[in-house]
Amino acid sequence: MSSIQKKTDVILIGAGMMSATLGSLLKELAPEWNIKVFEKLSSAGEESSNEWNNAGTGHAALCELNYTTEKPDGTIDIGKAVNINEQFQLSRQFWSYLVKSNLIRDPQDFIRPLPHMSFVQGEKDVTFLQKRFKALSNNPLFQGMEYSDDPEKLKEWLPLIMEGRTSKEPIAATKIDAGTDVNFGALTRVSFDHLQRQNVEVNYKHSVEDIKRTEDGSWEVKVKDLENEIIEYHTAKFVFIGGGGGSLPLLQKTGIPESKHIGGFPVSGLFLVCKNPEIVAQHHAKVYGKAKVGAPPMSVPHLDTRFIDNEKALLFGPFAGFSPKFLKTGSNLDLIGSVKPNNMITMLAAGVKEMALTKYLIQQVMLSNEDRMKELREFIPSAKSEDWDVVVAGQRVQVIKDTKSGKGTLQFGTEVVSAADGTIAALLGASPGASTSVHVMLEVLEKCFPQQMKEWEPKIKEMIPSYGQSLAEDPALFQEIYTSTAQTLRLSEEKMSMKLQKNTPETIA
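Visitor: Just to check I follow, could you spell out the nonpolar core for this structure?
Guide: Nonpolar side chains in soluble globular proteins tend to be buried together. With 83 residues, the main nonpolar core has Trp95, Phe240, Leu445, Trp456 and Ile464 as its most contacted residues. When sequence neighbours within four positions are dropped, the list of residues in contact with isoleucine 464 reads Leu25, Leu90, Gln93, Phe94, Val438 and Leu442. Judged by nonpolar contacts, the second largest core, of 35 residues, contains Phe38, Phe265, Met347 and Leu361.

Visitor: Hey, could you run me through the environment of threonine 254 in this one?
Guide: Examined against the element boundaries, threonine 254 turns out to sit in helix H7 (residues 247–254). Spatially, the C-alpha atom of threonine 254 lies 23 Å from that of serine 48, the residues being 206 residues apart in sequence. Discounting residues that sit within four places of it in the chain, threonine 254 has contacts with Ile211, Trp219, Ile241, Ser259 and Ile424. A distance of 2.6 Å separates the side chain of threonine 254 from the backbone oxygen of leucine 251, its partner in a polar contact.

Visitor: How should I be thinking about the side chain of aspartate 334 in this particular structure?
Guide: The topology assignment puts aspartate 334 in helix H9 (residues 334–337). Buried and unpaired, aspartate 334 has lysine 40 as its nearest opposite-charge partner, separated by 6.9 Å. A polar contact is formed between the side chain of aspartate 334 and the backbone nitrogen of serine 331, at a distance of 3.1 Å. Those residues in contact with aspartate 334 that sit more than four places away from it in its chain are Pro324, Lys325, Phe326 and Leu327.

Visitor: I keep staring at the packing of helix H1 (residues 17–29) against helix H6 (residues 184–197) and nothing clicks. Help me out?
Guide: When two helices pack together, their arrangement is given by the angle between the helix axes and by the axis-to-axis distance. It is the contact of H1 with H6, at a shortest axis distance of 9 Å, that shows an interaxial angle of 35 degrees. As for the relative orientation of H1 and H6, their crossing is left-handed in sense. For the pair H1 and H6, contact is made by Met17, Ser19, Ala20, Gly23, Ser24 and Lys27 and by Phe184, Leu187, Thr188, Ser191, Phe192, His194 and Leu195, respectively. Class assignment of the residues belonging to the contact of H1 with H6 gives a composition of six nonpolar, six polar and one charged.

Visitor: What am I meant to see in the side chain of lysine 175 here?
Guide: Along the chain, the position of lysine 175 falls in strand S8 (residues 171–176). On the basis of relative accessible area, lysine 175 is assigned to the buried category, the value being 15%. Here aspartate 177 takes part through its side chain, which lies 2.8 Å from a polar atom of the side chain of lysine 175. Excluding residues within four positions of it along the chain, lysine 175 makes contact with His116, Met117, Gly144, Met145, Glu146 and Trp157.

Visitor: Can you help me understand a nonpolar patch on the surface in this one?
Guide: A cluster of nonpolar side chains, namely Phe322, Ile362, Val365 and Met366, defines an oily patch on the protein surface of about 420 Å² accessible area. Take isoleucine 362: it is sitting in helix H11 (residues 355–365).

Visitor: I'm lost on the packing of aromatic side chains in this one. Help?
Guide: The relative placement of two aromatic rings is captured by the distance of their centres and the angle of their planes. For the coordinates displayed, the defined rule picks out 14 aromatic pairs. The interplanar angle of 80 degrees and the centroid separation of 6.0 Å between the aromatic rings of phenylalanine 88 and tryptophan 95 together place this pair among those described as edge-to-face. A relative accessible area of 1% means that tryptophan 95 is categorised as buried. With a centroid separation of 5.9 Å and 65 degrees between ring planes, the pair formed by phenylalanine 316 and phenylalanine 319 is classed as edge-to-face. Of the residues examined, phenylalanine 319 reaches a relative accessible area of 1% and is grouped as buried. One aromatic cluster is present, built from ring pairs that chain together Trp33, Phe238, Phe449 and Trp456. Over the ring of phenylalanine 307 we find arginine 112; its NZ or CZ atom is 4.4 Å from the centre of that ring.

The rules behind the values
- Residues numbered from 1 in each chain as written.
- Predicted model: local features only at pLDDT ≥ 70, side-chain atom pairs only at ≥ 80, totals over all residues.
- Heavy atoms only, no water.
- Core = buried A, V, L, I, M, F, W, Y, C linked by side-chain atoms within 4.5 Å.
- Buried < 20%, exposed > 50% of the residue type's maximum accessible area, 1.4 Å probe, protein only.
- Contact = heavy atoms within 4.5 Å.
- Helix = DSSP H or I, 4+ residues; strand = E, 2+ residues; numbered from the N terminus.
- Polar contact = N/O pair within 3.5 Å; in protein donor to acceptor, adjacent residues only side chain to side chain.
- Lys, Arg positive; Asp, Glu negative; His and termini not counted.
- Salt bridge = Lys/Arg side-chain N within 4 Å of Asp/Glu carboxyl O.
- Axes fitted to C-alpha atoms, helices over the stretch in contact; angles between N-to-C directions.
- Left-handed = near helix turned anticlockwise from the far one by under 90°.
- Nonpolar A, V, L, I, M, F, W, Y, C, P; charged D, E, K, R; others polar.
- Patch = residues over 30% accessible without salt bridge, like charges linked within 9 Å, V, L, I, M, F, W, Y side chains within 5 Å.
- Areas by Shrake-Rupley, 256 points an atom, 1.4 Å probe, with all protein chains shown as cover.
- Phe/Tyr/Trp six-rings, centres within 6.5 Å; stacked < 30°, edge-to-face > 60°.
- Lys NZ or Arg CZ within 6 Å of the ring centre and 35° of its normal.

Read these as spatial facts, not as claims about activity.
Right under this line is the structure:
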């Protein structure tokens, strides 16, 4: 097996949404820099970013109840919801810039307007939803949200969910038309097409085996060309590890102090999918419910309209599962291999603290198809087993770290880990993930390129007009930017109705 040595400015590991975003930002900010990408699989967006491996929700906290919590005094904390919405607006602005600049085309291939709704059952959750609605309605980012507990109104909003519903239990929903369905797989692929046109070298079927610091402070990345059985050594001044669940093992190989005392807990997922056109035509929204007591945040049940390969389908889930793999295409030894002397106590502490999660995952693994259908029927009482198939979604690796609240704390967000000198960074964690990719990659730039940020700021503001500002505190700016991005990304009501006409039962495959 022969070896090759090469130098470059930037190496991006993984051809997913995060690397696509960082590469696109850097090509606008420093077009003279040479960038190389290494991806183990045969094309872009095949793991976490693939459209079948995530929910496709443009996470803006419009419907996700776990982003708003009830405080002990009964009031609703909307802070996290506002932050996530602000972050999604950054993504919309950058995508809009890429479309306006003709760097990517046909936004309808990756983003579509779709109402976002919350649906709850039972007096306690109805009261919570009322309070949540009132708290969010006062914020400009959530303007246009409606609330109803009137069964007749809910039949208009949710015909499939209301059909055959005989329970006398109180129910309620909120609805906001500003939501979106995002095909992150398609967006990742068009982004990498754009990067290749910008002379970014994208290497598929190349597996990163090791990462080491060199004497001059650069990073040497050992890469295996899987097709030709060649070992290559590439050095770069900056490396970004964006390999989804595979990021943690690679981060550990760097040996940087920041990689210590961090572990990962893999969670797999399943969805039920329906492609029956008669049923699909009766539902047009992403509808999120409330997680059951004791269930983790990533288990929030939702019934989603999805547009994949120009076909409209319904997905319900997620149902959690357990696999020791860190990637869908990973190894059963991934979890064991990630346990190191420096994180063993962290991992053991998490095992003790997260017994409820372990119990929940065991219960989920034991579910039969009929058990899953029973959960679906809480959303769609008339659902028939023959109309729904099981799809295996992607792997997610939740971060385990030592925090102020104790050792082995399980994190449910997205986290950037970078070296003190900013020469290497890795992205760990899961949801809201790809929806907030621009915010996360701006954080990488701020952490890793502080000297260049002042010079880059005018260009960043050209691409992302609200950079450094709070849209929640400037309603006029939010309205201006929101309207502009909606027009560019073709998310206006007129475009919505045109698209829906193409997805009548007769035309859906």
